[in-house]
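Understanding the architecture of this molecule
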Amino acid sequence: MPVQFLSLAERDRLSRFPSTINSDEIITYFTLTEEDNNQVAQQRRPVNRLGYALQLCCVRYLGFVPVDLSSIPEGVVTFLADQLTVPSAILQDYGGRTKTVSEHFQSVLVYLGYQRATPLDLEDLQQWLIDRALEHDKPTLLLYLLCEKLQQENMIRPGITVLERMVASARNAAHQVSLTRLSGLLTSERKALLDSLLEPGSSGQTMLSWLKQPAVTNSPTASLEVLDKFAQLRSWRVDQWDVSGINPNRQKLLARLGSRYTNQALQRMAEERRYPILVAFLTQTLMDVSDELIDIFDACMAQVHSRSKRNLDEHRKQIAAATEAKVRLFYQVGSMILDDTIADETLRTAIFRRITPEELEAAVADANAIMRPEGYDYFDFLEKRYSYIRQFSPTLLSEVPFASNVESDDV
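Presented here is a report on the structure given in the accompanying data block. (Residues numbered from 1 in each chain as written. Predicted model: local features only at pLDDT ≥ 70, side-chain atom pairs only at ≥ 80, totals over all residues. Heavy atoms only, no water.)

Side note on helix 7 (residues 119–133)
- Compared with an ideal rise of 1.5 Å per residue, which puts 15 residues at 21 Å, helix 7 spans 20 Å between its outermost C-alpha atoms and is within 8% of the ideal.
- Along helix 7, the positions that sit buried rather than exposed are D121, L125, Q126, L129, I130, R132 and A133.
- Where the residues of helix 7 are buried, they touch strand 1 (115–116), helix 8 (139–152), strand 2 (155–156), helix 9 (160–181) and helix 13 (248–260). (Helix = DSSP H or I, 4+ residues; strand = E, 2+ residues; numbered from the N terminus. Expected span 1.5 Å × (residues − 1). Buried < 20%, exposed > 50% of the residue type's maximum accessible area, 1.4 Å probe, protein only. Contact = heavy atoms within 4.5 Å.)

Regarding the environment of P66
- Inspection of the secondary structure assignment puts P66 in the loop between helix 4 (46–62) and helix 5 (74–84).
- For P66, a relative accessible area of 3% gives the class buried.
- Taking C-alpha positions, P66 is 6.4 Å from F17, a pair spaced 49 residues apart along the chain.
- Residues contacting P66, with those up to four places away along its chain left out, are S15, R16, F17 and C58.

Remarks on the nonpolar core
- In terms of nonpolar packing, the biggest core is built from 46 residues, with L194, L233, W236, W241, V279 and L282 touching the most fellow members.
- Mapped by element, the contributors of at least two residues to this core are helix 10 (188–196), helix 11 (207–212), helix 12 (220–235), helix 13, helix 15 (271–338) and helix 18 (386–390).
- At 14 residues, helix 15 tops the list of elements feeding residues into this core.
- Aside from chain neighbours lying at most four places away, what touches V279 is L182, L185, L186, L194, W241 and V243.
- Counting residues in each nonpolar core, the second largest holds 36 residues, with V47, Y52, V86 and Y94 among its members. (Core = buried A, V, L, I, M, F, W, Y, C linked by side-chain atoms within 4.5 Å.)

Quick look at a negative patch on the surface
- A cluster of like negative charges, contributed by D288, D291, D295 and D298, occupies part of the molecular surface.
- With respect to the secondary-structure elements, D298 resides in helix 15.
- Residue class for D298 comes out partly exposed when judged on its relative accessible area of 44%. (Patch = residues over 30% accessible without salt bridge, like charges linked within 9 Å, V, L, I, M, F, W, Y side chains within 5 Å. Areas by Shrake-Rupley, 256 points an atom, 1.4 Å probe, with all protein chains shown as cover. Salt bridge = Lys/Arg side-chain N within 4 Å of Asp/Glu carboxyl O. Lys, Arg positive; Asp, Glu negative; His and termini not counted. Charge placed at Lys NZ, Arg CZ, Asp CG, Glu CD.)

Quick look at the pattern of salt bridges
- In this structure the tally under the stated criterion is eight salt bridges.
- As a salt-bridge pair, D36 and R60 come within 3.1 Å of each other at their nearest N and O atoms. Note that D36 is positioned in helix 3 (residues 34–40) and R60 in helix 4, a separation of 24 residues in sequence.
- Taking the relative accessible area as the measure of exposure, D36 reaches 1% and is therefore buried.

Remarks on the side chain of S219
- Assignment of secondary structure puts S219 in the loop between helix 11 and helix 12.
- Its relative accessible area of 18% is what places S219 among the buried residues.
- In contact with S219, not counting residues within four places along its chain, are I296 and C300.

Points about helix 12
- The end-to-end C-alpha distance of helix 12 is 22 Å, a good match for the 22 Å that 16 residues give at a rise of 1.5 Å each.
- Directly beyond the C-terminal end of helix 12, a positive phi value near 60° is found at R237.

Points about the packing of aromatic side chains
- Inspection of every chain in the model, using the stated rule, returns four aromatic pairs.
- Ring centres of F17 and Y61 lie 5.6 Å apart, and the angle between their planes is 45°; this geometry places the pair in the tilted category. You can see F17 sitting in the loop between helix 1 (8–14) and helix 2 (23–30) and its partner Y61 sitting in helix 4, a full 44 residues away along the chain.
- Take Y61: its relative accessible area is 13%, and that puts it in the buried class.
- Aromatic pair F30 and Y61: ring centres 5.7 Å apart, planes at 65°, arrangement edge-to-face. (Phe/Tyr/Trp six-rings, centres within 6.5 Å; stacked < 30°, edge-to-face > 60°.)

A closer look at the packing of helix 7 against helix 8
- Direction vectors running N to C along helix 7 and helix 8 enclose 140°, while the axes themselves pass 11 Å from each other. With respect to helix 8, the element helix 7 is oriented oblique. Both helix 7 and helix 8 take part in a crossing whose hand is right-handed. Where helix 7 abuts helix 8, its residues L125, W128, L129, R132 and A133 lie against L142, L145, L146, K149 and L150.
- Each residue belonging to the contact of helix 7 with helix 8 can be placed in one class, and the counts come to eight nonpolar, no polar and two charged. (Axes fitted to C-alpha atoms, helices over the stretch in contact; angles between N-to-C directions. Parallel < 35°, antiparallel > 145°, perpendicular 65-115°, else oblique. Left-handed = near helix turned anticlockwise from the far one by under 90°. Nonpolar A, V, L, I, M, F, W, Y, C, P; charged D, E, K, R; others polar.)

What to know about the packing of helix 7 against helix 9
- The geometry of helix 7 relative to helix 9 is characterised by a closest axis approach of 8 Å and an angle of 55° between their N-to-C directions. Classified by the angle between their axes, helix 7 and helix 9 sit oblique to one another. In the crossing of helix 7 with helix 9, the sense of the turn from one axis to the other is right-handed. Side by side, helix 7 and helix 9 meet where L122, L125, Q126, L129, I130 and A133 of the first sit next to M166, V167, S169, A170, R171, A173 and A174 of the second.
- For the contact of helix 7 with helix 9, the per-class residue count stands at ten nonpolar, two polar and one charged.

Considering the environment of T100
- Checked against the element boundaries, T100 lands in helix 6 (residues 98–112).
- A sequence separation of 49 residues divides T100 from G51, and the C-alpha atoms of the two residues are 9.9 Å apart.

Here's what the structure looks like:
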């Protein structure tokens, strides 16, 4: 792992004053208090008062003093100079005597309660940084966190090279800690399993690449593909791997690295990096595959329900036209039954004079279909989608363990 991870431009930017600073920050960090003015007033020459005040405010704002004070934006210098009632242009004469600048800096440290980090301080900071590296692996983020920590502890920020070395060391240590915490899990058989993920199979594809591929459709075929991954991960007992010794943030970080790195990059890595990455990747993939499986199942079932509702709507449209015809027929039959001029013994004959037996039989059959329960709820149309659901549901029910979130309540 490279010790110097910053570009030359980044190193230069972090070693000097920011090129721009907003007015709120200027007021917050460069407004001199009464105590500040008393401290600054101990310097007799105007140029020394301005230079001293700049060093004081730089330590408060940055946690260090840039070597080149002329890089400080003119607006900041003017803001301070106005408070001291001295011309800002005299800053160019500050620093002619190196000893004066150094003495001012030491005085500022004493006044603000800052100190240089001792070897013991650096050891403590290194351990603190390792703990952060177990949560975050991005070197630039760790560098900024370290700078903030130094300011919180009232310690002058060391040089960028020192900070880069500390970050690189912390990242290496974090990888070693991760491997140590997984040592009980990484048996020789499991290491062989993890290494086999990177070996191409008969199809030319590695198991790792296969596991990385997400489902692209919500279909029975996609569901079965995801179920294959789910079953494979459970056959390796990934769901029983104890990774509680690794910070959850680091688990996610390592899993992301596993999904991003190529097989070749992982093969070239040292064991202390490769194995924790692959373990985290598999445990995270099992969770992702489980979620993906349920999402596809929900989408498929939603599609089934949607089609069933459409079938119900079509059914209702079909029976709407038939209903009016049956009402007319019922009106005719009912009117004849209620007609007192038609004798009971001739009623049947009279009905069949107007309506044929075949017409009445067909109407009765249609009426029976109209008033059946399936005509009123789309759930009754789900059985028509049985062959679709059958493609994946048996495998899903056999592979996915379902359990109640209520203890001692079987599903």
